[in-house]
Each structure stands twice: as C-alpha cells, then as structure tokens.
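Notes for the structure review
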Amino acid sequence: MLLSRAPRGRKAWLLGRGADPGGLQLPKGCGRPRFLRRPREPMEPTEKAKEERLVQCPVCLRELPGADINPHLDRCLQAGGAEAEPPSKRARLGAAPPGSQAEGQPEEAHPTAGSPVFSLFHKGRGGGQSPAGGGGRSGAGRDEAAVQPGHGCAAALCGDSLARKLEGRPLAEQLRPDTLGDYVGQERVLGAQTLLRALLESHEIPSLILWGPPGCGKTTLAHIIANSSKKNGMRFVTLSATSAKTNDVRDVISQAQNEKRLFKRKTILFIDEIHRFNKSQQDTFLPHVECGTVTLIGATTENPSFQVNAALLSRCRVIVLEKLSVEAMEAILMRAVRSLGLQVLGQGDQHGTPATGSSSKSSEFPVYIEEKALNTLAYLCDGDARTGLNGLQLAVQARLAAGRTTPLNTAKGGAADAVLVTEEHIKEGLQRSHILYDRAGEEHYNCISALHKSMRGSDENASLYWLARMLEGGEDPLYVARRLVRFASEDIGLADPLALTQAVAAYQGCHFIGMPECEVILAQCVVYFARAPKSIEVYRAYGNAKECLRMHTGPLPPVPLHLRNAPTRLMKNLGYGKGYKYNPMYKEPVEQDYLPEELKGTDFFKERGT
Ligand SMILES: Nc1ncnc2c1ncn2[C@@H]1O[C@H](COP(=O)(O)OP(=O)(O)OP(=O)(O)O)[C@@H](O)[C@H]1O
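Residues numbered from 1 in each chain as written. Predicted model: local features only at pLDDT ≥ 70, side-chain atom pairs only at ≥ 80, totals over all residues. Heavy atoms only, no water.

To keep it simple, the criterion reads: UniProt positions are given in the numbering used here, feature names are shortened, and annotations may be inferred rather than shown by experiment.
The name given to the protein chain in an unreviewed UniProt entry is ATPase WRNIP1, with Cyanoderma ruficeps as the source organism. Of the comments in the UniProt record for the protein chain, the one headed Sequence similarities (unreviewed entry) reads "Belongs to the AAA ATPase family. RarA/MGS1/WRNIP1 subfamily." Quoted straight from UniProt, the Subunit (unreviewed entry) entry for the protein chain says "Forms homooligomers, possibly octamers. Directly interacts with POLD1, POLD2 and POLD4. Interacts with the N-terminal domain of WRN. Interacts (via UBZ4-type zinc finger) with monoubiquitin and polyubiquitin. Interacts with TRIM14 and PPP6C; these interactions positively regulate the RIGI signaling pathway."

What follows is the structure, encoded as structure tokens:
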C-alpha cells in the first residue's frame, strides 16, 4: 500500500509486537516505550484494517502501514538512527528525479547517493574502501612528509590495476581520513596541547563553526568527529546548506528531540556551507542549539562574523582552519602515492624520452611519478588538499590513457620501462583557477583590498602583483575595472581628474576585448593610479555632507523658495523662484544663499581638511 493512498489526519499509533518481542533491540536501560502498546479503540478493527492503518515510527517519524512498522522499527533502531533515514525523505531531499523512487518503498531499495542528509558519512557506500593497496591508512601522516626517492608503496601497481583504483569516487574522497591520527596539519587548532583536541578526545563535542579556505579539511574534521561520536552512541546528521530547506532542518530537529526524549541520545548536526543558509533559516536551529537538543557543527569558507547570525555565533566556538602548508600537502600527497602504489622517481634518477606505445602495453608497466612533480603539486595547489589530490589523480589517469612508456635508469641501478608522470603533466592536470585564487570566496575580497591599498600607497610593484594574482586566478576583469573606477574618484579625485576617464576607458576596453588581451589595459590603469597624485578632498567632503544629513534631527529644512523652479502660475504665486539671481546676468560675484537657512555658512571641506 502506498503512503499517498492512505487517509490523512488519522491519529498515529503503533502495533505491539505480540508474540515476537525478541526482534526489537532497544538501548540498554530503556524499557519498552509506552507508545509500543496499542491504544484501546472503541471498536476492535479487523485484522486487515489493522495492517492498513498508518502508524508513525518514533525514531524517524515516518508513517508506515501497521503491518510494516515493527520490522521497520527494528531496522531503524539497529541502524542507529542516522542510517534509518526514510527513503521518502531521501528522495525529497536528494537530487533524484520525481517519480524515480516510489514513496513508501522499503529503505533497502534506496541508495543514499545524492541526498544531502545522512549521505556523507555512510559507510561502505559505492565500494568506499580505502584504496590502500597494502598501505591503507596506517602509517600515513606527518612522518611521511619527506619524499623518499625511488620509494613507492610496498606493493607497486601496474597501469591496469591503478586505472581501476582511480575509477569511481574521486581520490580525495577515497582518502578522506577517518581518525585524528591521519589528519594532517592544522597544528594551531588541533595540535597536541590544544583545547579542541582535548575536547574531541574526551568526546565532549561543543557546537563549532569551522571556518577556512576550500580543501583545508573542514568537512574532513567533521567526518572524523562523526566517526568517533557514532562509536560513542551519538547520532551524526549531515545537511548541506546548498540543497537543504528550512523544513529539512525542522525534520532533523524533531528527530533529535525524539532521540533525546526517548533514548537520551545526543545528535550532532553538521551543516556544510552554513553561510548559504539565510539568517532566518539559521534562526530555526538557534533555540535547539541553545537548549542542547543538537550540537551544531557548521563549515564555512566565508567570514562567519558576516555570514552567521550573531546569536548563533555566540553559542558556537569558531575554529579557524588555515590553508594547508606545503609540508602538510606533501604528507597528504605521499599518503596518496603510497595508497595508489606509485613509485617516486628521485632527482638523481634519469629517464629518457617517452615512447608511444599501445594502451594495453603500457598497462603492464609500473607507474612512476617524479619527486619534483610532487613538490610542484604541493606548491601549486595553494593549500587545498582536494585540488592537490584531484590534480594527482588527473595526471596519473591522463598518463595511463595516453599509453606511453619511458625508459628509466634509477639511482639504485635499475633500468626499466615505466609509465612516468612528470612535473609538466601535473601542471596540465591542475586547473588554472585553482592555482592561486578562490574567486568566489574570502580570497577575492582579500586580493582586491590588497590591490586598492597598494595603489593608494603608490606602490606600483605591489599593485601589479595583486592585479596579476587576481587575473591569473581567473578573476573577472570587469570586476577589477569597476573597482578602478571607484578608486579614481575616491583616492585620486581632483588631484588628477583624468584618472576617472582612464578608469572608465579601461572598463570599456575590458568589455570590448575581454581576457587575456585586456589584462594589459588593467595593468596600465593600475600603474597610472599607483603613480598618480592622490586626493581624498572630494571623498571626505561628500562624506561630511552625508554625515550632516544623517545627524539631522527633526524634519529636514525646506528648499529655500528662491532656489525652487516655478514652471506654473500657481507656483509663482506661492513665491517659488522669487528673488533668485541668475548668475550669468551679473558681472560681479553674486551674493546669494544656496544652503538652507539653518546650515548657512557650513563648509564641508573645511571641517576636517584633506
Ligand atoms: N588536514 C587534512 N589531512 C588529510 N587530508 C585532508 C586534510 N584536509 C583535506 N584533506 C583531503 O582533502 C579532501 C577535501 O577536504 P575537505 O572536504 O575536508 O575540505 P573542506 O575544507 O571541507 O573544503 P570545502 O570548503 O571546499 O568543502 C578530503 O577528502 C581529504 O582527502
């Protein structure tokens, strides 16, 4: 029977388990809840009616036909709550096309992929094994930061098996650490003596906001907390603010309330990209964080002071994660190298020119990666581990697909053909926009601010550097050009009125020809501005005028009658324009007031000077 055909508004009740209580596993110390007893009905329903009646699961709140409730409840409880997400909700929250999954089907029939709720930390999803190849997670970590020439993983893999390992889930996902031991870097907040580490190790998880640039390990840290909290009997629920709606948050909260009330189980709610929730959505969970129904862990790349409700922020500990250092990146890449079974080719080793061979042939050879290539990758991914791991994956896959082998002479005296990944291949594999700059995030504002300040400080070299950093990172040239228009007036002003013309021309030039040709137009304008004399006289005076208006109390003074236009007889009769002295008619300077009476004599320029 489909849920959609069931009568609505009927009071939910649960059937008792009758003769088979053994299948129901309740947590220790928790007696059979009262709701499991069937309430008395005025008239005993028939067996068929009993089976068709809808009842609500106390764990996941899903309504099911009476006949299905007890097996469902068993599964729900055994799966530990988080895994018991009703399939109907998965379909609703996830990206599944409408109608692709019939509501009310048993949950086993529904994969979790695509759902923002509970999907991230599912075990065993899509064959989510570590591709350890003998290396696995053990031994990975800080001590592996040094690249050992000619030293791959214990079991070196040849092309074919490696290609299979790289299929499917992205390498970064496959290698996401499960424990703090494998979490690299971020010593300042997670080092041995830090408060956060002590709290995590004692399983006292406070509400947290994890703030840091992309790929620095925010989600990974949440994943580690999820693993350890699940082991300690807590529920861990994930929502992504990019796809979840306010109702999804409400559902999670009401489940958390039930869990707390019925099973004394705590819920940790992880919200990825929390800054994408608007303030009123954030308000939804504020009281529940306050009263401890849920422990909130939010991840954001944006400054939480602007993006997270002040009230919510004050109830959370803000953990600032940094870009991963080059050393940390090397450790992460070495862990990947080991897990993939690649051999590292040291600086002293030599190789010849790649020869073209068939794919099937190259698939039989071991795969080497230059030590230099790993170092370069560690530098170029700019502290973003996802970019680094994806770059490695792409480069290796591309080499395997190209089907070329290279004759190698290693320092250890060996000579053999192999598939070789060089520094060049790594650079090709990296997307340019990832190299230096996060166009959509914090870095965008940091760099434009640095450019503005460098021009203001007349440092033409720094100005060019910040400009190049933005453009090479993929910044929109029109965004930079708009800022230059503003700068021309704000910082140069009347010291060189031509600056504004330059900026507008630069904007139009960029508009006409686009990147990369327009970069030199912007460079010219930026250098012009850095060298130009500066004046904030107008900017300040205008600020004073605005201030004067804002500070004014009471009704604003009327526009003096003599300054008003008088296009009609009535207006003339009312005195509009009366006494106005038309300046061109006078040879000598005209004595006339232009400010309202009460502001007579105000000098916005004099007040603070320039
Ligand atoms: N500190 C770390 N130690 C080991 N691996 C890491 C670390 N940080 C990131 N990684 C690797 O990089 C991948 C991406 O990291 P993660 O998803 O945690 O980044 P994030 O900070 O949440 O980024 P985003 O804001 O873009 O979601 C992980 O799957 C993991 O393989």
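Re the overall build of the protein chain
Stated formally: Only DSSP runs of H or I covering at least 4 residues are called helices, and only runs of E covering at least 2 are called strands; the numbering of each starts at the N terminus. Between buried and exposed lies partly exposed: a residue is buried under 20% and exposed over 50% of the maximum accessible area for its type, with that area taken using a 1.4 Å probe on protein chains only. Here the Shrake-Rupley method, with its probe set to 1.4 Å, supplies the accessible areas, and only the displayed protein chains count as covering residues.
Broken down by element type, the protein chain carries 25 helices and 13 strands. Residue burial in the protein chain is summarised as follows: out of 610 residues, 46% are buried. Put simply, the protein chain shows about 31400 Å² of open surface, and 53% of that area lies on carbon and sulfur atoms.

So, the pairing of strand β3 (residues 208-211)
What counts is decided by this rule: At least two DSSP bridges between two strands are required for those strands to pair.
Going residue by residue along β3, you find Leu208 and Leu210 tucked away on one face and Ile209 and Trp211 tucked away on the opposite face as well. The pairing of β3 with strand β7 (residues 317-320) spans 4 bridges and is parallel. Paired with Leu210 across the strands is Ile319, a residue of β7.

Considerations on the nonpolar core
To be explicit about the condition: Side-chain atoms within 4.5 Å link the members of a nonpolar core, which is a set of buried Ala, Val, Leu, Ile, Met, Phe, Trp, Tyr and Cys residues. Contact definition: two residues touch when any of their heavy atoms are within 4.5 Å.
Among the nonpolar cores identified, the biggest contains 35 residues, and Ile369 and Leu392 are the most heavily contacted of them. Of all the secondary-structure elements, those providing two or more residues to this core are α5 (171-174), α13 (326-340), β11 (367-370), α15 (371-380), α16 (385-402) and β13 (415-421). With 9 residues, the top contributor of residues to this core is α13. The residues touching Leu392, leaving out its near neighbours within four places in the chain, are Leu171, Leu333, Ala336, Val337, Leu340, Leu342, Ile369, Leu374, Leu377 and Ile426. If you look at the next biggest cluster of nonpolar residues, it comprises 26 residues, including Met470, Ala481, Leu484 and Leu522.

Focus: the sheet that holds strand β5 (residues 267-272)
Basically, it comes down to this: To obtain an axis, a line is fitted to C-alpha atoms, over the contacting stretch when the element is a helix, and the angle between two such axes runs from 0 to 180 degrees between their N-to-C directions.
Strands sit in the order β4-β5-β6-β3-β7 across an open sheet of 5 strands; the sheet is parallel. Of all strands in the sheet, those bounded by a partner on one side alone are β4 (235-240) and β7. When strand polarity is set aside, the average angle formed by the axes of neighbouring strands in this sheet is 20°. Direction of pairing for β5 relative to strand β6 (residues 294-300): parallel, over a ladder of 5 bridges. Pairing of Leu269 across the sheet is with Leu296, part of β6.

Re the pairing of β6
Convention followed: Orienting the strands away from the viewer, one traces the path from the first strand over the helix to the second; a clockwise path indicates a right-handed crossover.
Within β6, 7 of the 7 residues are buried, which leaves it mostly tucked inside the rest of the structure. Burial along β6 is two-sided: the face carrying Val294, Leu296, Gly298 and Thr300 and the face carrying Thr295, Ile297 and Ala299 are both buried. Where β3 meets β6, 4 bridges bridge the pair, whose relative direction is parallel. Its bridge partner lying in β6, Leu210 is registered against Ala299. In this fold, the crossover linking β5 to β6 by way of helix α10 (residues 279-290) has right-handed handedness.

Brief notes about the pattern of salt bridges
Note the following rule: The salt bridge criterion pairs a side-chain nitrogen of Lys or Arg with a carboxyl oxygen of Asp or Glu, the two atoms within 4 Å.
On inspection of all chains with the given rule, the structure shows 15 salt bridges. When the shortest N-O distance is used, the salt bridge between Asp182 and Arg335 registers 3.9 Å. In this pair, Asp182 is assigned in the loop between α5 and α6 (187-190) and Arg335 in helix α13, connecting sequence segments 153 residues apart. For the pair formed by Asp182 and Arg335, the shared burial category is buried. The partner of Arg456 in a salt bridge is Glu490, and the shortest N-O contact between them spans 3.3 Å.

Some details on the confidence of the model for the protein chain
We apply this condition: On a range of 0 to 100, pLDDT expresses the predictor's confidence in each residue.
Mean pLDDT for the protein chain: 74, with 68% of residues reaching 70 or above. Across the protein chain, the secondary-structure element scoring lowest on mean pLDDT is helix α3 (residues 87-93), at 28, and the one scoring highest is helix α23 (residues 519-531), at 97. Long-range and interchain partners of residues 1-47, a stretch whose pLDDT sits below 50, account for 74 contacts in this model, where long-range means more than four residues apart. A low-confidence stretch, residues 356-360 (pLDDT under 50), is modelled with 8 contacts involving residues beyond four sequence positions or located in other chains. Interface confidence for the predicted complex, given as ipTM, is 0.98, next to a pTM of 0.54.

Regarding a nonpolar patch on the surface
Put simply, the test is: Patch building starts from residues that exceed 30% relative accessible area and form no salt bridge, then joins like charges within 9 Å and nonpolar side chains (Val, Leu, Ile, Met, Phe, Trp, Tyr) within 5 Å.
Among the surface-exposed residues, Tyr580, Tyr582, Met585, Tyr586 and Tyr594 lie close enough to one another that they form a single nonpolar patch of about 590 Å² accessible area. The residue Tyr582 is located in the segment after α25 (569-573) in this model.

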